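What follows is each chain in one-letter form.
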Amino acid sequence: MSDIKLFHFNAEQMQELVGTAVQVEKSLQILFEENLESLLGIRFLATEHTTGSVHGGRIDTLGLDEDNCPVIIEYKRAVNENVINQGLFYLDWLLDHRKEFQWLVMERLGADVAKTVDWSAPRLVCIAGDFTRYDEHAVKQIARNIELIRYRRFGDDLLMMELVHIPKQAKVSTSRPTQAEKKIASANELDSETNGDADPYLSSRMSYRLAQSSTELRDIYDAVQQFLIGLGDDVQVKELKLYTAFKRIKNFVCMEIYPQARTVTVYLKLDPDTVDIQEGFTRDVRSIGHFGTGDLQVSLRTMADFEKAQPLFRRAYEAS
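Since we're looking at a predicted model, the values are computed, not measured.

Undergrad: Before we go on, may I ask you to explain the packing of aromatic side chains in this structure?
TA: In this structure the tally under the stated criterion is six aromatic pairs. Taking 5.6 Å as the distance between ring centres and 75° as the angle between the ring planes, the aromatic pair formed by F252 and Y317 counts as edge-to-face. Of the two residues, F252 sits in strand β12 (residues 251-258) while Y317 sits in helix α11 (residues 303-319), which places them 65 residues apart along the sequence. Neither F252 nor Y317 differs from the other in exposure class; each is buried. Three or more aromatic residues joined by ring pairs make a cluster, and in this case those are F227, F306 and F313. The ring of Y258 has R209 sitting right over it, with the charged end atom 5.0 Å from the ring centre. The cationic tip of K308 hangs over the ring face of F281; the distance from NZ or CZ to the ring centre is 4.1 Å.

The following block contains the structure:
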């Protein structure tokens, strides 16, 4: 059980609010689906999506996250329900039905978004009133992108979410791929062929830019990454095709590297109006298109810039 307690206090007294987590609660799924973007940074696509007569199942919630990665959300409605294995089954189904998912994205969010679906880090999010120690142990042994989120309801108007488990590194391993990882790699290859970006846009991919960067620039990139990971045990790294995202429940930093400009560019989820904008260092990009998420751009060219940016990184983390 969660050991988090919530209190209401005023000048006269302090009162503990008793949290509840009703196991069989369809209203919880509806609440999440109606507020997915606010709660989890995920755009809603479908509810109770059928996987067909062969698989014979229904995915509780399908969505697309802020990095354009597919997301399956499953709600654990009973203590003994094996929602993790069920979610993994649906995750494999999703990788086998990539075109069906992209068609769903096109119908709901438009053709332009459907073309940008990123299959490098599909996610499984399991939400429950509580998880057993066996659940928490199992996900640590599975090399998949699985997140466990515990919730509590306090009265009619308060909802608490607690991250129980997140993978520290959300990317496909390069050593001896599993069958699932082969599916992801195959999907990525097909994505490049379908969108015609295998060769023309090679230079925009993070892997290429990292390989072309100088040692000094890589040192800055690595220093930022280690600093952000060190901000807390709940920081997750998502290495995507065009940028690297750092997230708790939602992204708080997205980072790119540009070898020719000799710059590490970081986008932070901070209100630019609360920051002293310095030309060449910080920039308001609320009305400027860019990859990743965040309204404040920070440009790092030296280790001194990295040190100057650290308070902004902390603020973005604490606000996320």
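Having seen the structure, we can now continue with the description.
Undergrad: Even after reading the chapter, I still don't get α11, so can you show me in this structure?
TA: Since the α-helix turns once every 3.6 residues, residues separated by three or four places project in the same direction. Taking 1.5 Å per residue as the helical rise, α11 with its 17 residues ought to reach 24 Å, and the 25 Å between its terminal C-alpha atoms agrees with that figure. A309 marks where α11 bends most, by close to 40°; the proline P311 follows one to four residues later. Those residues of α11 that are buried are in contact with α10 (215-229), β12, β13 (263-268), β14 (282-284) and β15 (296-300).

Undergrad: For this particular structure, what's the right way to read the side chain of R123?
TA: Tracing the sequence through the fold places R123 in strand β6 (residues 123-128). In this view, R123 contacts I42, D65, P70, V71, I72, L91, N145, E147, K238, K247 and I249; residues no more than four positions away in its chain are not counted.

Undergrad: Looking at this structure, I do not really get the sheet that holds β6. What am I missing?
TA: The strands that make up a sheet pair up through hydrogen bonds in the backbone, lying either parallel or antiparallel. Pairing is mixed in the open sheet, where six strands are placed in the order β3-β4-β5-β6-β7-β8. If you trace the sheet from one side to the other, it starts and ends with β3 (42-50) and β8 (158-165), each paired once. Within the sheet, the average angular offset between the axes of one strand and its neighbour, ignoring direction, is 30°. Here helix α1 (residues 26-34) sits on the sheet in contact with β3, β4 (58-65), β5 (70-76), β6, β7 (146-154) and β8, set at roughly 140° to β3. Running at roughly 155° to β5, helix α4 (residues 83-96) makes contact with β3, β4, β5, β6 and β7 of the sheet.

Undergrad: I keep staring at a nonpolar patch on the surface and nothing clicks. Help me out?
TA: Taken together, the side chains of F7, F9 and M14 define a hydrophobic patch exposed on the protein surface, amounting to about 360 Å² of accessible area. Mapped onto the fold, F9 is located in strand β1 (residues 6-9).

Rules used in this analysis
- The residue numbering used here restarts from 1 in each chain and proceeds along that chain's sequence as written.
- Only residues with pLDDT of at least 70 get local features here, since the model is predicted, and only at 80 or more are side-chain atom pairs given and counted; chain-wide, interface and lining totals rely on the full set of residues.
- The side-chain quantities take in all heavy atoms of the structure and omit both hydrogens and water.
- Stacked, edge-to-face and tilted labels apply to pairs of Phe, Tyr and Trp rings (six-membered ring for Trp) whose centres lie within 6.5 Å, assigned for plane angles under 30 degrees, over 60, and everything in between, in that order.
- Put simply, DSSP marks the helices as runs of H or I at least four residues long and the strands as runs of E at least two long, and each gets a number from the N terminus on.
- Each residue is placed in one exposure class: buried if its accessible area under a 1.4 Å probe, protein chains only, is under 20% of its type's maximum, exposed if it is over 50%, and partly exposed if it falls in between.
- Charge over a ring is defined by NZ of Lys or CZ of Arg lying within 6 Å of the ring centre and within 35 degrees of the ring normal.
- Every helix has an expected span of 1.5 Å times one less than the residues it contains.
- To obtain the bend at a residue, axes are fitted to the seven residues ending there and to the seven starting there, and the angle between these axes is taken.
- Only heavy atoms matter for contacts: two residues are in contact if any of them lie within 4.5 Å across the pair.
- Pairs of strands are assigned from DSSP output, requiring at least two bridges between the strands.
- Axis definition: a line fitted to C-alpha atoms, limited for helices to the stretch in contact. Angles are taken between N-to-C directions and run from 0 to 180 degrees.
- Without a salt bridge and with relative accessible area above 30%, a residue can belong to a patch; like charges are then joined within 9 Å and nonpolar side chains (Val, Leu, Ile, Met, Phe, Trp, Tyr) within 5 Å.
- In short, Shrake-Rupley with a 1.4 Å probe defines the accessible areas, and a residue's cover is counted only from the protein chains shown.
- Salt bridges, as used here, are contacts in which a Lys or Arg side-chain nitrogen is within 4 Å of a carboxyl oxygen on Asp or Glu.

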